[in-house]
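# What the coordinates show
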Amino acid sequence: MEANAQANRRIATITNHLLPPNFQEGGDVHLKRVDCRAKGGAPGFKVAILGAAGGIGQPLALLMKMNPLVSVLHLYDVVNAPGVTADVSHMDTGAVVRGFLGQPQLESALTGMDLVIIPAGVPRKPGMTRDDLFKINAGIVRTLCEGIAKCCPNAVVNLISNPVNSTVAVAAEVFKKAGTYDPKRLLGVTTLDVVRANTFVAEVLGLDPREVDVPVVGGHAGVTILPLLSQVKPPSSFSPGEVDYLTDRIQNGGTEVVEAKAGAGSATLSMAYAAAKFADACLRGLKGEAGVVECAFVASEVTELPFFATKVRLGRAGAEEVYQLGPLNEYERMGLEKAKKELAESIQKGIDFIRG
Ligand SMILES: NC(=O)c1ccc[n+]([C@@H]2O[C@H](COP(=O)([O-])OP(=O)(O)OC[C@H]3O[C@@H](n4cnc5c(N)ncnc54)[C@H](O)[C@@H]3O)[C@@H](O)[C@H]2O)c1
Ligand SMILES: O=C(O)C[C@H](O)C(=O)O
């Protein structure tokens, strides 16, 4: 009887590092403090994921827990952060995982972070554009970036929340207002466009996608996603039909997933993969590795627009070098003009959201 009663109380033990600062013992699920011997401070970077309980956040948390460059992983969300944290923390990899739930714990989640990855926000449903998410997600990004400006102003920020073409401008304006803006440290994540482009081009060429490198420039929505097929590595030529097919599929890859998921959200698994790949590149750059180059949507002088996605070299200071577009063919020049027109409006919308 006593044994059953005890089982029913579901005693769980939990180590101090997993507990929120306001933890109290007791309740239905009886969590018990266990003091563990301190770990010998593994070298590595401190990374926070904001929106860690979401469709992207959960697999991204798993992948970052597997990254040997990460010593501390903070998982923040407004729901379900403790469950995701308990789950991921059982993986026998090096990073120490801590969970943070809700706005009152945002500052603790951010303090001391080297890299902050933001997949917080609502995803699309069929029939919506990314811009339809602006109203909700711009406000979320503003709040989170105010926290970053206060608690870890030197962190590199990887911004995933859509519409990226506008939310990066929102984040930049928040940081400017706080006096902490460093354009090298704010990066809109466009890696999924490159991942898709590599996959679809490899299919057409009959190659392994790992051997293919397609630069994708511009932004992250529809016609602003501009694959530069003339610069594919290994050097390849495409028929006009192949160029049309590949450009359309790469530009609409997100919508392809949104429609296939039929109301259950947008790309999460391929995005978590892409975000983990990009975050790893940022960490390798921070560590001082030479020649780390990825596409990202950053402050840029490559065009007349204040932000633009191109290849950037990642280093100790973030996006240390922003590369030029390189030679474009006529098809790409026309695509560039279309992309810039839409991008200019999306960027301005983000700026106006903060400046009013
Ligand atoms: N950049 C890209 O290539 C790319 C790719 C895919 C998705 N996205 C975008 O990423 C975002 C998230 O997508 P998802 O599928 O993970 O959505 P989701 O709804 O599954 O998860 C979002 C998470 O954010 C959390 N959240 C909401 N408000 C928050 C706040 N104020 N602070 C912290 N967390 C908060 C939610 O609780 C939820 O857990 C969407 O805006 C989506 O459009 C971008
Ligand atoms: O398409 C979306 O809404 C999500 C994301 O931007 C994507 O490209 O998959």
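Computed from a prediction, not measured in an experiment: that's the story for all the values here.

About the cut-offs
Residues numbered from 1 in each chain as written. Chains lettered and ligands numbered in written order. Predicted model: local features only at pLDDT ≥ 70, side-chain atom pairs only at ≥ 80, totals over all residues. Heavy atoms only, no water. Helix = DSSP H or I, 4+ residues; strand = E, 2+ residues; numbered from the N terminus. Buried < 20%, exposed > 50% of the residue type's maximum accessible area, 1.4 Å probe, protein only. Contact = heavy atoms within 4.5 Å. Areas by Shrake-Rupley, 256 points an atom, 1.4 Å probe, with all protein chains shown as cover. UniProt positions renumbered as here; feature names shortened; annotations may be inferred. Core = buried A, V, L, I, M, F, W, Y, C linked by side-chain atoms within 4.5 Å. Near = heavy atom within 4 Å. Polar contact = N/O pair within 3.5 Å; in protein donor to acceptor, adjacent residues only side chain to side chain. Nonpolar A, V, L, I, M, F, W, Y, C, P; charged D, E, K, R; others polar. Axes fitted to C-alpha atoms, helices over the stretch in contact; angles between N-to-C directions. Left-handed = near helix turned anticlockwise from the far one by under 90°. Pairing = 2+ DSSP bridges. Phe/Tyr/Trp six-rings, centres within 6.5 Å; stacked < 30°, edge-to-face > 60°.

### Some words on the overall build of the protein chain
- The helix and strand tally for the protein chain stands at 11 helices and 13 strands.
- For the protein chain, the residues scored as buried account for 49% of the 356 residues in total.
- By sequence separation, contacts in the protein chain at least 24 residues apart represent 67% of the contacts at least 6 residues apart.
- As presented, the protein chain carries roughly 16,600 Å² of accessible surface, and 54% of it is formed by carbon and sulfur atoms.

### Digging into the UniProt feature "active site" (unreviewed entry) in the protein chain
- Here the UniProt-annotated "active site" (unreviewed entry) positions come out as His220.
- Looking at the secondary structure, you find histidine 220 in the loop between strand 9 (216-218) and strand 10 (225-227).
- Overall, histidine 220 belongs to the buried group, its relative accessible area being 9%.
- The contact partners of histidine 220, leaving out residues within four places of it in the chain, are Arg130, Asn162, Val164, Asn165, Thr190, Asp193 and Ile225.

### Things to note about the nonpolar core
- Counting 48 residues, the largest nonpolar core has Leu50, Val116, Ile118, Ile148 and Phe175 as its most contacted members.
- Going through the elements one at a time, strand 3 (45-50), helix 4 (106-110), strand 6 (115-118), helix 5 (134-151), strand 7 (156-159), helix 6 (164-178), strand 12 (307-315) and helix 11 (330-355) are the ones with two or more residues in this core.
- In this structure, Phe45, Val156, Leu187 and Val298 belong to the second largest nonpolar core, which totals 43 residues.

### Description of the UniProt feature "binding site: substrate" (unreviewed entry) in the protein chain
- On the UniProt side, "binding site: substrate" (unreviewed entry) is annotated at positions that read Arg124, Arg130, Asn162 and Arg196 here.
- Once you skip the residues sitting within four places of it in the chain, arginine 130 turns out to touch Arg124, Asn162, Pro163, His220, Ala221, Gly222, Ile225 and Gly254.
- Mapping arginine 196 onto the fold places it in helix 7 (residues 191-205).
- Among residues more than four places away in sequence, those in contact with arginine 196 are Gly253, Gly254, Val257 and Ala267.

### Some thoughts on the site of ligand 2
- Surveying the vicinity of ligand 2 reveals the residues Arg124, Arg130, Asn162, Leu192, Arg196, His220, Gly254, Ser266 and Ala267.
- Within the side chain of histidine 220, a nitrogen or oxygen atom sits 2.6 Å from an oxygen atom of ligand 2.
- Burial of ligand 2 by the surrounding chains reaches 96%, relative to a free accessible area of 260 Å².
- Here the residues of the shell around ligand 2 are counted per class, giving 2 nonpolar, 4 polar and 3 charged.

### Points about the packing of helix 2 (residues 57-65) against helix 3 (residues 81-89)
- Taken N-terminus to C-terminus, the directions of helix 2 and helix 3 make an angle of 30 degrees; their axes are 10 Å apart at the nearest point. The two elements helix 2 and helix 3 meet at a crossing, and its hand is right-handed. Two secondary-structure elements touch here, helix 2 through Gln58, Ala61, Leu62 and Lys65 and helix 3 through Val84, Val88 and Ser89.
- Taken together, the residues of the contact of helix 2 with helix 3 sort by class into 4 nonpolar, 2 polar and 1 charged.

### Thoughts on the pairing of strand 11 (residues 292-299)
- Most of strand 11 is tucked away: 6 of the 8 residues are buried.
- As defined by bridge partners, strand 11 adjoins strand 12 across 8 bridges and the pair is classed as antiparallel. Across the sheet, glutamate 294 pairs through a bridge with valine 312, a residue of strand 12.

### Describing the packing of aromatic side chains
- One pass over the structure, following the stated rule, counts 2 aromatic pairs.
- With a centroid separation of 5.5 Å and 85 degrees between ring planes, the pair formed by phenylalanine 134 and phenylalanine 353 is classed as edge-to-face. On the criterion of sequence distance, the pair formed by phenylalanine 134 in helix 5 and phenylalanine 353 in helix 11 is long-range, its members being 219 residues apart.
- Owing to a relative accessible area of 7%, phenylalanine 134 belongs among the buried residues under this scheme.
- Note on phenylalanine 353: relative accessible area 25%, which makes it partly exposed.
- Plain terms: the ring middles of phenylalanine 297 and phenylalanine 307 are 6.1 Å apart, the flat faces sit at 35 degrees to each other, and that makes the pair tilted. With phenylalanine 297 in strand 11 and phenylalanine 307 in strand 12, this pair connects stretches of sequence that are 10 residues apart. Considered together, phenylalanine 297 and phenylalanine 307 belong to a single accessibility category, that of buried residues.

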